[in-house]
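# Structural features, examined
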Amino acid sequence: MRYFVTFFIAVIAILAICVFNPPEPAENDRTLKISAYLYDKSAADPNEWYENKDMRFELEELKPGEVRLLATPEAIDMYNYNILFEYEDGIVTVESDYVQITKGEHFAPWYKLEKGNDMARNYSDRIYGYNMYLRSSGYFTFYPIGSGICSYAEFDEKIPAMGPNPVAEIGQEYYVTVKAFHDDSDEFPVAEIELKFVVLKDESIQAERTGFSHFCSIELIEK
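Thresholds applied
Each chain carries its own residue numbering, running from 1 in the written order of its sequence. Residue-level local features of this predicted model are given only where pLDDT is at least 70; pairs of side-chain atoms are given and counted only at 80 or more, and the full residue set underlies all totals for whole chains, interfaces and linings. Hydrogens are left out, water is left out, and the side-chain values use all remaining heavy atoms of the structure. Under the DSSP-based scheme used, a helix requires at least four consecutive residues in state H or I and a strand at least two consecutive residues in state E, with every element numbered from the N terminus. Partly exposed describes any residue whose relative accessible area lies between the buried limit of under 20% and the exposed limit of over 50%, with all areas from a 1.4 Å probe on protein chains only and scaled to the type maximum. A contact between two residues is defined here by any heavy atoms of the two lying within 4.5 Å. All accessible-area figures derive from a Shrake-Rupley calculation using a 1.4 Å probe, and residue coverage is judged against the displayed protein chains alone. You can read pLDDT as the predictor saying how much it trusts each residue, on a scale of 0 to 100. Paired rings are identified among Phe, Tyr and Trp, the last through its six-membered ring, by centres lying within 6.5 Å, and are further divided according to the angle between planes into stacked (under 30 degrees), edge-to-face (over 60) and tilted (the rest). Polar contacts, as used here, are pairs of N or O atoms within 3.5 Å; protein pairs need one atom able to donate a hydrogen and one able to accept it. Residues neighboring in sequence count only if both atoms are side-chain atoms. Basic side-chain nitrogens of Lys or Arg form a salt bridge, by our definition, when they fall within 4 Å of a carboxyl oxygen of Asp or Glu. Note on pairing: two strands pair once DSSP finds at least 2 bridges between them.

## As for the overall build of the protein
Helix and strand content of the protein: four helices and 10 strands. Overall, the protein shows an N-to-C arrangement of helices and strands of α-β-β-β-α-β-β-α-β-β-β-β-α-β. The proportion of buried residues among the 223 residues of the protein is 41%. Restricting to contacts in the protein with at least 6 residues of sequence separation, those with at least 24 account for 74%. When the accessible surface of the protein is summed, it comes to about 13200 Å², and 54% of that surface belongs to carbon and sulfur atoms.

## Overview of the side chain of glutamate 194
Mapped onto the elements of the fold, glutamate 194 is located in strand 9 (residues 191–199). The contacts of glutamate 194, once residues within four sequence positions are left out, are Tyr175, Val176, Thr177, Glu219, Leu220, Ile221 and Lys223.

## Focus: the confidence of the model for the protein
Averaged over the protein, the pLDDT score is 85; the fraction of residues at 70 or greater is 82%. Low pLDDT (under 50) marks residues 7–11, which in the prediction has zero contacts with non-local residues, meaning those over four places away or in another chain. The low-confidence segment residues 22–28 (pLDDT under 50) makes three contacts with residues lying over four places distant or belonging to another chain.

## Some points on the packing of aromatic side chains
This structure, assessed with the given rule, holds 13 aromatic pairs. A ring pair is formed by tryptophan 110 and tyrosine 128, whose centres lie 6.5 Å apart and whose planes are at 75°; its orientation type is edge-to-face. Here tryptophan 110, found in the loop between strand 5 (99–103) and helix 3 (119–124), pairs with tyrosine 128, found in strand 6 (residues 127–129); they are 18 residues apart in sequence, far enough to count as distant. One exposure class covers both tryptophan 110 and tyrosine 128, and it is buried.

## A closer look at the side chain of asparagine 82
Locating asparagine 82 in the fold gives a position in strand 4 (residues 81–95). In this structure asparagine 82 comes out as buried when scored by relative accessible area, which is 3%. In terms of polar contacts, asparagine 82 uses its side chain to reach the backbone carbonyl oxygen of asparagine 80, at 3.3 Å. There is a polar contact of 2.6 Å between the side chain of asparagine 82 and the backbone nitrogen of tryptophan 110. Leave out the neighbours within four places in its chain, and asparagine 82 touches Ala36, Tyr37, Pro109, Trp110, Tyr139, Phe140 and Thr141.

## A closer look at the environment of leucine 38
Position of leucine 38 among the secondary structure elements: in strand 1 (residues 33–39). In this structure leucine 38 comes out as buried when scored by relative accessible area, which is 0%. Residues within four places of leucine 38 in sequence aside, it is in contact with Arg56, Phe57, Glu58, Glu60, Leu62, Arg68, Leu69, Leu70, Ala71 and Ile218.

## Structural notes on the pattern of salt bridges
Counted by the stated rule, this structure contains 10 salt bridges. Lysine 223 is paired through a salt bridge with glutamate 192; the nearest N and O atoms lie 3.4 Å apart. Placement of the pair is lysine 223 in the segment after strand 10 (216–222) and glutamate 192 in strand 9, with a sequence separation of 31 residues. With relative accessibility at 60%, the residue lysine 223 sits in the exposed group. Because the salt bridges share partners, they merge into one network encompassing Asp40, Arg56 and Glu58.

## Topic: the environment of phenylalanine 197
Mapped onto the secondary structure, phenylalanine 197 falls in strand 9. What makes phenylalanine 197 buried here is its relative accessible area of 0%. Put simply, phenylalanine 197 and serine 147 are 50 residues apart on the chain and 9.6 Å apart in space, counted from C-alpha to C-alpha. Other than its neighbours up to four places away in sequence, phenylalanine 197 contacts Leu70, Tyr81, Ile83, Phe142, Pro144, Gln172, Glu173, Tyr174, Val176, Ser217 and Ile218.

## What about the pairing of strand 7 (residues 131–144)?
One ladder, built from 11 bridges, connects strand 4 with strand 7; its direction is antiparallel. Paired with glutamate 95 across the strands is asparagine 131, a residue of strand 7. Bridging between strand 5 and strand 7 involves four bridges; their strand directions are antiparallel. Following the sheet pairing, glutamine 100 is matched in strand 7 by tyrosine 143.

Shown next, in the form of structure tokens:
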């Protein structure tokens, strides 16, 4: 009986410690949040935008496995696809073989400027590449090469200054690898996903003439 009482008291003591001293949240509880400018889920065809320039869109968090219609940058008065990455007190890296990535001052979204503003600075202050990182939160912009009318890119080995510009085919897929790290010392990411862009059919006269499409879908794929 004496041993049973001792055991019972020990159990009560352990429970009291757990209740009054809850464990600190693990660092792994931090989550990577990615948001893009998306048309409403009720929109079935992005070409509806030509008839309804007020077609509803908003900045929404991407959910795994959901294929969504990206709002055309022209509707938002932006260049390229501006995507927000949020990972508190951590590091986010983005990398792609065939999607040119840009970042601006303070990782702000890339809005078009009205005439009379410093247009040259809006382009020249940006950094272009295929492998970038940020700390905590900010916007990267993405140009799937050859995919869009409302886009801006820097010439490089994949986007030649001379000769015809690359033009994407309808249904062409592009991938961006996204990794999240707690800090610079991490050898392996705590989260890794892919963003999948797919070029959609553009039924405008401009698209028929140039071959470029205003429209892409996006999907977040967990790895």
